[in-house]
Every structure is written in structure tokens, then in C-alpha cells.
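Tertiary structure, described
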Amino acid sequence: MQNRPPDLDVKQSIKDVFFTKNGYKLVTDHVIRDGKNHPCAILVPGGGYSMVCSFIEGVPVARKLNAMGISAFIVYYRVRKKAVFPNPMDDLARGVREVLDNAEAWHVDPENYSVWGSSAGGHLAASFGTDNIGYKQYGLPKPGALVLSYPVITMDPQYTHAGTRDNLVGRNAPVQMWSSANIPWHVYPGYPDTF
């Protein structure tokens, strides 16, 4: 592949496309293991809720965060037919809980953890920041920050990425279904700092 980004992980792309099972998995390869406590970021790569593209929106970001002294975790979540809302959110919450439960062993600071997401992963991260459908519903502390890269924010059929919406709520979902995953309707005054 000519002119590919220097941080694109080709081997990881093959794993993501052909060998990753459709389900929850927490990748801990990018935990800094020097015996010191580090801030932590939980990464949610995108892929239109049809796959988890950690080869471009997970591993390269994790490596950059590591270079900045931040431990990073990559969450794989259910996609395609298993992506029906709220399954991906359940998987992200499971990942956050696993990180927080193991904070001491992994030497991460559980205070003010951040959640990062790109594209459909940005939708998932943004959803997690809400108190009525996100972190609070799972009994988890509010993230200190959300970092959203080109996120899918709305599920409104006029404006959204159709494939992402179809995988999450169904092609002909009634308003009641897609509105539950429509982020602009769930932002509240205490929403986490968002970048």
C-alpha cells in the first residue's frame, strides 16, 4: 500500500478484519508497566458498528498516548447483528469497570479517566458521557474528559451515517428507538469536558 500513514499497523488491520471475534475484549498491550502510576485513556475505535478498526483508531492513538506517559486501553465491542443498542455501551461500561477494578495492579490513576472515540466509536464515547444512558446507568464514575474524533453524533436519519445508524438501531427504527441513541438530546449541564 503506497503512501500509507507511518503509524498504520498493517498486521493489526488483518487481525481486526479477519480474526477478531465479535464481542467484548479489553486490550491491555498499551499499559505502561514501569511501576509508577499513570493517567489512563480508554479508547473506543470506530468502524460503523460493523467492525472495530483499532488498526487506525486504536493502536496508533495508544502508542502516541504512551509516548506522553498515559496508559491506554482499547475496547472491542459487539458489532454488526450484535450491535443493537445498548450492547456496545454495555461492552464499553464493562471495559471501564475492568480498568477501574484493576487500577492498582495496572498502576493507573482511576480519577479523571478519559474515554476516546472515533467515528462510531466517537458516538459510543459521547453516549457514555451522558448520565441518563451512559456511565451513571452502570454505576460508574463520570469520565474526566471525552475526546471525540469525527464522531457520529446524531441518529437523525437526515444527518447521520446510514450504516452506523442501521447497525445500532436498525434500518427502519421508530423515533423512540433512534432517539435513545441520539446524543444531542442527552447532553446535560454536567456533561464531561469534551474535546
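Right above here is the structure, for reference.
Everything quoted here is computed from the prediction, not taken from an experiment.

Rules and cut-offs
- Residues numbered from 1 in each chain as written.
- Predicted model: local features only at pLDDT ≥ 70, side-chain atom pairs only at ≥ 80, totals over all residues.
- Heavy atoms only, no water.
- Salt bridge = Lys/Arg side-chain N within 4 Å of Asp/Glu carboxyl O.
- Helix = DSSP H or I, 4+ residues; strand = E, 2+ residues; numbered from the N terminus.
- Buried < 20%, exposed > 50% of the residue type's maximum accessible area, 1.4 Å probe, protein only.
- Pairing = 2+ DSSP bridges.
- Contact = heavy atoms within 4.5 Å.
- Axes fitted to C-alpha atoms, helices over the stretch in contact; angles between N-to-C directions.
- Expected span 1.5 Å × (residues − 1).
- Parallel < 35°, antiparallel > 145°, perpendicular 65-115°, else oblique.
- Left-handed = near helix turned anticlockwise from the far one by under 90°.

**So, the pattern of salt bridges**
- What the rule picks out here adds up to one salt bridge.
- Arg78 is paired through a salt bridge with Asp91; the nearest N and O atoms lie 3.0 Å apart. Here the residue Arg78 occupies a position in the loop between β3 (71-76) and α4 (87-101), and Asp91 occupies one in helix α4, the gap between them amounting to 13 residues.
- For Asp91, a relative accessible area of 4% gives the class buried.

**Regarding the sheet that holds strand β1 (residues 25-30)**
- Read from one edge to the other, the open sheet built from six strands follows the order β1-β3-β2-β4-β5-β6, with strand pairing classed as mixed. Every other strand in the sheet has two partners, leaving β1 and β6 (193-194) as the edge strands with one partner each.
- Contacting β1, β2 (40-44), β3 and β4 (114-118), helix α3 (residues 59-67) runs over the sheet at an angle of about 165° to β3.

**Quick notes on the side chain of Thr160**
- By secondary structure assignment, the location of Thr160 is in the loop between β5 (145-149) and α7 (162-169).
- Among residues more than four places away in sequence, those in contact with Thr160 are Val152, Thr154, Met155 and Arg165.

**Topic: α4**
- For α4, built from 15 residues, the straight-helix expectation of 21 Å at 1.5 Å per residue is met to within 8% by its first-to-last C-alpha distance of 21 Å.
- What α4 keeps buried is the set Pro88, Met89, Asp91, Leu92, Ala93, Gly95, Val96, Val99 and Leu100.

**Quick look at the packing of α4 against helix α6 (residues 120-128)**
- With their axes 10 Å apart at the nearest point, α4 and α6 run at an angle of 70° to one another. With respect to α6, the axis of α4 lies roughly perpendicular. α6 is crossed by α4, and the crossing has right-handed handedness. Residues Pro88, Met89, Leu92, Ala93 and Val96 of α4 touch α6, and the partners they reach there are Leu124, Ala125, Ser127 and Phe128.

**Regarding α3**
- Along α3, the positions that sit buried rather than exposed are Val59, Pro60, Ala62 and Leu65.
- Positive phi appears at Gly69, one or two residues downstream of α3, with a value of about 85°.

**Remarks on the pairing of β2**
- With five of its five residues buried, β2 lies for the most part within the structure.
- Alternating positions in β2 separate into two faces, Cys40, Ile42 and Val44 on one and Ala41 and Leu43 on the other, with burial throughout.
- With four bridges joining them, β2 and β3 adopt parallel strand pairing. Each residue of the ladder has a partner; that of Ala41, found in β3, is Ala72.
- Judged from the four bridges that link them, β2 and β4 form a sheet pairing that is parallel. Across the sheet, Val44 pairs through a bridge with Gly117, a residue of β4.

**Re the side chain of Ser54**
- Residue position: Ser54 is located in helix α2 (residues 54-57).
- Not counting the four nearest positions on each side in its chain, Ser54 is found in contact with Gln12, Asp16, Pro45, Val59, Pro60, Ile74 and Tyr76.

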